[in-house]
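Listed below, chain by chain, are the residues.
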Amino acid sequence: METTRSVLITGGAGFIGSHVVRRFVNKYPSYLIVNADKLTYAGNLENLTDIEKKDNYIFEKIDIADKNSVTALFRKYSFHGVIHLAAESHVDRSITSPDEFVITNIVGTVNLLNAALNCWKNNFDNKIFYHISTDEVYGTLGKEGKFTEETGYDPRSPYSASKASSDHMVRAYFHTYGLPALISNCSNNYGPNQFPEKLIPLAINNIKNNKPVPVYGKGENIRDWLYVEDHSAAIDILFHKGKAGETYNIGGNNEWKNIDLIRMLCRIMDRKLVRSEGTSEKLITFVKDRPGHDLRYAIDSTKLCRETGWSPLPDFEAGLEKTVEWYLNNTGWMENVISGDYEKYYELMYSGR
Ligand code: NAD
Ligand code: DAU
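Just so it is clear, the structure is predicted and the values come from calculations on it, not from any experiment.

Q: Before we move on, could you go through the overall build of the chain and cite the residues and values that matter?
A: Of regular secondary structure, the chain possesses twelve helices and twelve strands. Taken over C-alpha atoms, the radius of gyration comes to 20 Å for the chain, in line with the 20 Å a tight globule of 353 residues would show. C-alpha extents for the chain along the principal axes are approximately 65 × 45 × 40 Å. For the chain, buried positions account for 55% of its 353 residues. In the chain, the proportion of contacts linking residues at least 24 apart, taken out of those at least 6 apart, comes to 82%. Summing over all exposed atoms, the chain offers an accessible surface of approximately 15000 Å²; the carbon and sulfur share of this is 49%.

Q: Before we move on, could you go through the pattern of salt bridges and cite the residues and values that matter?
A: Tallying each qualifying case throughout the model produces 18 salt bridges. A salt bridge links Glu246 to Lys303, with the shortest nitrogen-to-oxygen separation between them at 2.6 Å. Of this pair, Glu246 sits in the loop between helix H7 (228-241) and strand S10 (247-250) while Lys303 sits in helix H9 (residues 302-308), placing them 57 residues apart in sequence. Given the relative accessible area of 30%, Glu246 is considered partly exposed. Taking the relative accessible area as the measure of exposure, Lys303 reaches 13% and is therefore buried. Bridged by salt links that share partners, the residues Arg271, Lys272, Glu317, Glu321 and Glu325 form one connected network.

Q: Can you explain the site of ligand 2? Please cite residues and give values.
A: The environment of ligand 2 is made up of 23 residues, and the closest members are Ser89, Asp135, Tyr159, Arg290 and His293. One of the backbone N or O atoms of Leu199 is found 2.8 Å from an oxygen atom in ligand 2. Here an oxygen atom of ligand 2 and a side-chain polar atom of Asn258 are 2.9 Å apart. Expressed as a share of its isolated accessible area of 680 Å², the protein-covered part of ligand 2 is 95%.

Q: Mind laying out the sheet that holds strand S11 (residues 255-257), listing which residues take part and the relevant values?
A: In spatial order, the strands read S7-S9-S11; together these three strands make up an open sheet with mixed pairing. Among the strands making up the open sheet, the edge pair consists of strand S7 (188-190) and S11. On average, each strand axis in the sheet is tilted by 50 degrees relative to the strand beside it, whichever way the strands run. The pairing of S7 with strand S9 (residues 222-227) spans three bridges and is parallel. From the neighbouring strand, Asn188 faces S9, where its bridge partner is Trp225.

Q: A description of the packing of aromatic side chains should follow, citing residues and the corresponding values.
A: Both the distance between ring centres and the angle between the ring planes are used here to describe each pair of aromatic rings. Under the defined criterion, the tally for this structure stands at 17 aromatic pairs. Ring geometry for Tyr190 and Tyr227: centres 5.3 Å apart, planes at 65 degrees, overall edge-to-face. Here Tyr190, found in strand S7, pairs with Tyr227, found in strand S9; they are 37 residues apart in sequence, far enough to count as distant. Relative to Tyr327, the ring of Trp326 has its centre 5.0 Å away and its plane inclined at 85 degrees; by these criteria the two rings are edge-to-face. A relative accessible area of 3% places Tyr327 in the buried class. Here the aromatic residues Phe24, Tyr28, Tyr31 and Phe239 are joined through ring pairs into a cluster of three or more. It is Lys303 that lies over the ring of Tyr248; its NZ or CZ is 4.6 Å from the centre.

Definitions and cut-offs
Residues numbered from 1 in each chain as written. Chains lettered and ligands numbered in written order. Predicted model: local features only at pLDDT ≥ 70, side-chain atom pairs only at ≥ 80, totals over all residues. Heavy atoms only, no water. Helix = DSSP H or I, 4+ residues; strand = E, 2+ residues; numbered from the N terminus. Rg over C-alpha atoms; globule rule 2.2 N^0.38 Å. Buried < 20%, exposed > 50% of the residue type's maximum accessible area, 1.4 Å probe, protein only. Contact = heavy atoms within 4.5 Å. Areas by Shrake-Rupley, 256 points an atom, 1.4 Å probe, with all protein chains shown as cover. Salt bridge = Lys/Arg side-chain N within 4 Å of Asp/Glu carboxyl O. Near = heavy atom within 4 Å. Polar contact = N/O pair within 3.5 Å; in protein donor to acceptor, adjacent residues only side chain to side chain. Pairing = 2+ DSSP bridges. Axes fitted to C-alpha atoms, helices over the stretch in contact; angles between N-to-C directions. Phe/Tyr/Trp six-rings, centres within 6.5 Å; stacked < 30°, edge-to-face > 60°. Lys NZ or Arg CZ within 6 Å of the ring centre and 35° of its normal.

Set out below in structure tokens:
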């Protein structure tokens, strides 16, 4: 089939990126999808074995912080569009080693912006640079209210500060150079293929292996959970219909206190593992809190829903159950990602807590 558009997806071997790559490769056979990923500890090509042989898919191992590689990539493919997901994404890691977050999330994003600008400067028609960001740039909420697109930025961790910086650079390239760029800020994703440093896959794996389930502080922090395929569907819509210069919030309208979420997960795990009710809950262990732990995130996605008709999966328990089933049916995937390095990281993070 003739190629109608070449699309760069950065970070396509990671959790959300792999769902986006799969969706685009399968749904748009006339697009050439180039997945550029450094394959850090979080990048895993096993996430994409089902589509890796498709004619419209190419993988390029590159570090977005390396300006020359990024420039060469744009020369090679003359992209029409970019969906930028590559990032250091874990808040706890950003607290122990912030430098990597500055290098990848800020410098890497600027390298991509420069390369896109250079490639498109004579003709911005039908081009789009789509930057995937997070609700954490808005800071933390009290008991009331939600983040809207007008909420001021107030990042409080090195991770969210690095994402906020990259958002500012994307907006600066739109206003200063006219680069057609848009941003979406999404809440917490869950689903298959998430690296088990994040709360839900970490808890599933620990419960399965009868290990303590670490809950930070008193478990009172609140997150707004969204199924990864819902995020992927929103990215698809915004890539095609989003307006350059605009920001869109994406959320699940699905707020949960961490402790309530973990208790529900424990009940699901008891059922799936045929354990008597209450067995998994005994594994819950309250540990030292995350420094600067944001209390509550909640996203108002009215703009996205109104303008595009997008809506998230309504039933969280069903989504969580599907997610648990995936991890229990893919124990080989889990064993492969829990490398020696991850074991060391886990020991470092949780031994003193
Ligand atoms: P992830 O950590 O699972 O994946 C990140 C991917 O980026 C990995 O494949 C990794 O190898 C790659 N990468 C890292 N540094 C790189 C570099 N220097 N060059 C090239 N590739 C590099 O992350 P995720 O959870 O899938 O998040 C993807 C994006 O979505 C991030 O930008 C994140 O900020 C954003 N986001 C995530 C969530 C969430 O809940 N996970 C919510 C909102 C927004
Ligand atoms: O809100 C969007 C963000 O969600 C994304 O931008 C980030 O990339 C993504 O990692 C996620 O950040 P969080 O810090 O909210 O996710 P995490 O899974 O690390 O933690 C979820 C909540 O659970 C948070 O309040 C901290 C808590 N937690 C986390 C871990 C890993 C625990 O109580 N115990 C744990 O072991």
